[in-house]
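# Report on the structure
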Amino acid sequence: MKKIALAMVAATAVFASNAAYNYEITPTIGGIHPEGNLRVKDNNFVGVRVARNLEDFFFNQFEIGVDYSQRIKERTGDVVREGRVLRYHANLVKDIVDFGPVSLYGLIGAGYEDVPAVFVKNEDGGFGQYGLGLRYQVTDRFALKAEARDAIKFEHADHNLFYSLGFGIGLDSKAAPVVAAAPVAAAAAPAPVLDDDNDGVPNDIDQCPNTPAGVVVDERGCEKVIVLRDLDVNFAFDSYKVGPSYAAEIKKVADFMGEHPDYKVVLAGHTDSVGTEAYNQKLSEKRAKAVAEVLAGYGVEQSKISTVGYGELKPIATNKTKEGRAQNRRVEATFNK
């Protein structure tokens, strides 16, 4: 148990929960391999767990569960005793590493075992447990789980090895953070002098002299692009969650729209190249829409916001390094008059 706990603490990053929902219920089915001195044969169980996804905490989930085994047989000498077993337990779950939709997690917890009174080698009592599992996120709300747990009884330190399959179902969707926008005074744009493409930037400093009509440009005369970044990491891998620091970046777009109330904004989502092109296309669209929800919360009219996803097709850095992939997970804002 100590080795598993240390491995979880030593994980290279402290992940916050990126799930799109607050609660998860997981029906499970599996088998149990008892330690030999318990005199109990291998058996099966069914169970259910209810978990709460945690925010801003080292562990990602707190879960409670119950497992039920029927017709368990205990043999002492020539005597075979039979009965059902109930186990109740609570665990803390921690994501260790992810590979796109597949992730490795660990758990640590404790529980209580209710066994038949007729048993001789087994009695009611508490146990501690630890384990590892693989999670495959099928959709935003459904996940498959394969898990192994070692439950150690507090009395005599006897072991039961559990191995199970589960189907996680997400409940209670999370709402995107909405922050009230502060009033911003409108600023007048400088009058052009000689401006052949009528973009508001004089010819002598215009570095993009053939800008299409209606496109908003920056001080160099090129299309204005605000790249939304969450400090050094942009979007987390395989996530479209908008965190508080990312929301602060989105306010830059809201401020610019406040200065130019006649503009419209296009939010373009992008991903790295990990995963299939079709999966990345959908993920980029979700990222753009998540940013649009926060931008509307800053007071920008929804009719002035449009979204598009480009998937992995327009990288701005190499996808061969972790840093490059982080830069490619982004949303870019461009503007039209």
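In this report, the structure presented in the accompanying data block is examined.

About the thresholds
- Residues numbered from 1 in each chain as written.
- Predicted model: local features only at pLDDT ≥ 70, side-chain atom pairs only at ≥ 80, totals over all residues.
- Heavy atoms only, no water.
- Disulfide = S-S within 2.5 Å.
- Helix = DSSP H or I, 4+ residues; strand = E, 2+ residues; numbered from the N terminus.
- Buried < 20%, exposed > 50% of the residue type's maximum accessible area, 1.4 Å probe, protein only.
- Core = buried A, V, L, I, M, F, W, Y, C linked by side-chain atoms within 4.5 Å.
- Contact = heavy atoms within 4.5 Å.
- Salt bridge = Lys/Arg side-chain N within 4 Å of Asp/Glu carboxyl O.
- Pairing = 2+ DSSP bridges.
- Expected span 1.5 Å × (residues − 1).
- Phe/Tyr/Trp six-rings, centres within 6.5 Å; stacked < 30°, edge-to-face > 60°.
- Axes fitted to C-alpha atoms, helices over the stretch in contact; angles between N-to-C directions.
- Patch = residues over 30% accessible without salt bridge, like charges linked within 9 Å, V, L, I, M, F, W, Y side chains within 5 Å.
- Areas by Shrake-Rupley, 256 points an atom, 1.4 Å probe, with all protein chains shown as cover.

Here the structure, examined in full by the defined rule, presents 1 disulfide. Across a sulfur-sulfur distance of 1.9 Å, Cys208 and Cys222 are joined as a disulfide pair. Looking along the S-S bond of the Cys208-Cys222 disulfide, the torsion reads about 75°, which is the right-handed sense. Of this pair, Cys208 sits in the loop between β8 (159-173) and β9 (225-228) while Cys222 sits in the loop between β8 and β9; the two residues are 14 residues apart in sequence, bridging distant segments of the chain. Overall, Cys208 belongs to the partly exposed group, its relative accessible area being 26%.

If you look at the biggest cluster of nonpolar residues, it comprises 25 residues, and the most contacted ones within it are Leu228, Ile250, Val253, Val265, Leu267, Leu295 and Phe335. If you list the elements that add at least two residues to this core, you get β9, α2 (244-259), β10 (264-270), α3 (277-297) and β12 (330-336). Examining the composition of this core, we find that 7 residues originate from one element, α2, more than from any other. Setting aside anything within four residues of it in sequence, one finds Phe335 in contact with Gly214, Val215, Val216, Lys224, Ile226, Val253, Phe256, Met257, Tyr263, Lys264 and Val265. Judged by nonpolar contacts, the second largest core, of 6 residues, contains Leu38, Ile72, Val85 and Val115.

This model, assessed by the stated rule, comprises 14 salt bridges. One salt bridge connects Glu24 with Lys145, and the closest N-O pair in it is separated by 2.8 Å. Of this pair, Glu24 sits in strand β1 (residues 21-34) while Lys145 sits in strand β7 (residues 142-153); the two residues are 121 residues apart in sequence, bridging distant segments of the chain. Looking at Lys145, the relative accessible area reads 11%, which means it is buried. In this structure, Lys153 engages Glu113 in a salt bridge whose closest nitrogen and oxygen atoms are separated by 3.1 Å. Residue Lys153 is located in strand β7, and its partner Glu113 is located in strand β5 (residues 102-114); the two are separated by 40 residues in the primary sequence. Since its relative accessible area comes to 11%, Lys153 is described here as buried. Using a relative accessible area of 4% as the deciding quantity, one classes Glu113 as buried. A cluster of three or more residues bridged by salt bridges with shared partners is formed by Arg49, Glu63, Asp67, Glu147 and Arg149.

Here we take up the pairing of β1. Where β1 lies against β8, 11 bridges are found, and the strand directions are antiparallel. Residue His33 lies in a different strand from β8, and its bridge partner there is Leu161. Pairing of β1 with strand β2 (residues 43-53) involves 10 bridges; the strand directions are antiparallel. Each bridged residue has a counterpart across the sheet, and for Ile25 the counterpart in β2 is Val50.

What follows deals with α3. Under the 1.5 Å per step criterion, the end-to-end length of α3 is 31 Å for 21 residues, consistent within 8% with the ideal 30 Å. Among all positions in α3, only Asn280, Leu283, Ser284, Arg287, Ala288, Ala290, Val291, Ala292, Val294, Leu295 and Gly297 are buried. Positive backbone phi, approximately 105°, marks Gly299, located one or two places after α3.

Attention now goes to the packing of aromatic side chains. By the definition in use, this model includes 6 aromatic pairs. Between the aromatic rings of Phe58 and Phe59, the centroid separation amounts to 5.2 Å while the plane-to-plane angle is 85°, which identifies the pairing as edge-to-face. We classify Phe58 as partly exposed; its relative accessible area is 24%. Both rings, one in Phe256 and one in Phe335, keep their centres 4.7 Å apart while their planes meet at 50°; by these two values the pair is tilted. In this pair, Phe256 sits in helix α2 while Phe335 sits in strand β12, placing the two residues 79 residues apart along the sequence.

Strands pair in a sheet through their backbones, by hydrogen bonds, and they do so in one of two ways: parallel or antiparallel. With antiparallel pairing, the 8 strands of this closed barrel are ordered in space as β1-β2-β3-β4-β5-β6-β7-β8. Averaged over all pairs of adjacent strands, the angle between strand axes in this sheet comes to 25°, irrespective of strand direction. Strand direction decides the pairing type here: strand β4 (residues 79-99) and β5, joined by 13 bridges, are antiparallel. Its bridge partner being in β5, Asp98 is matched across the sheet by Ser103.

To continue, consider the pairing of β9. Residues in a regular strand point their side chains to alternate faces of the sheet. Burial along β9 is one-sided: Ile226 and Leu228 are buried, and none of Val225 and Val227, which face the opposite way, are. By the bridge criterion, 4 bridges tie β9 to β12 in an arrangement that is antiparallel. Note that in β12 the partner of Val225 across the bridge is Thr334.

All right, on to a nonpolar patch on the surface then. On the surface, a nonpolar cluster with roughly 420 Å² of combined accessible area is contributed by Tyr136, Val138, Phe142, Leu144 and Phe167. Relative to the helices and strands, Phe167 is located in strand β8.

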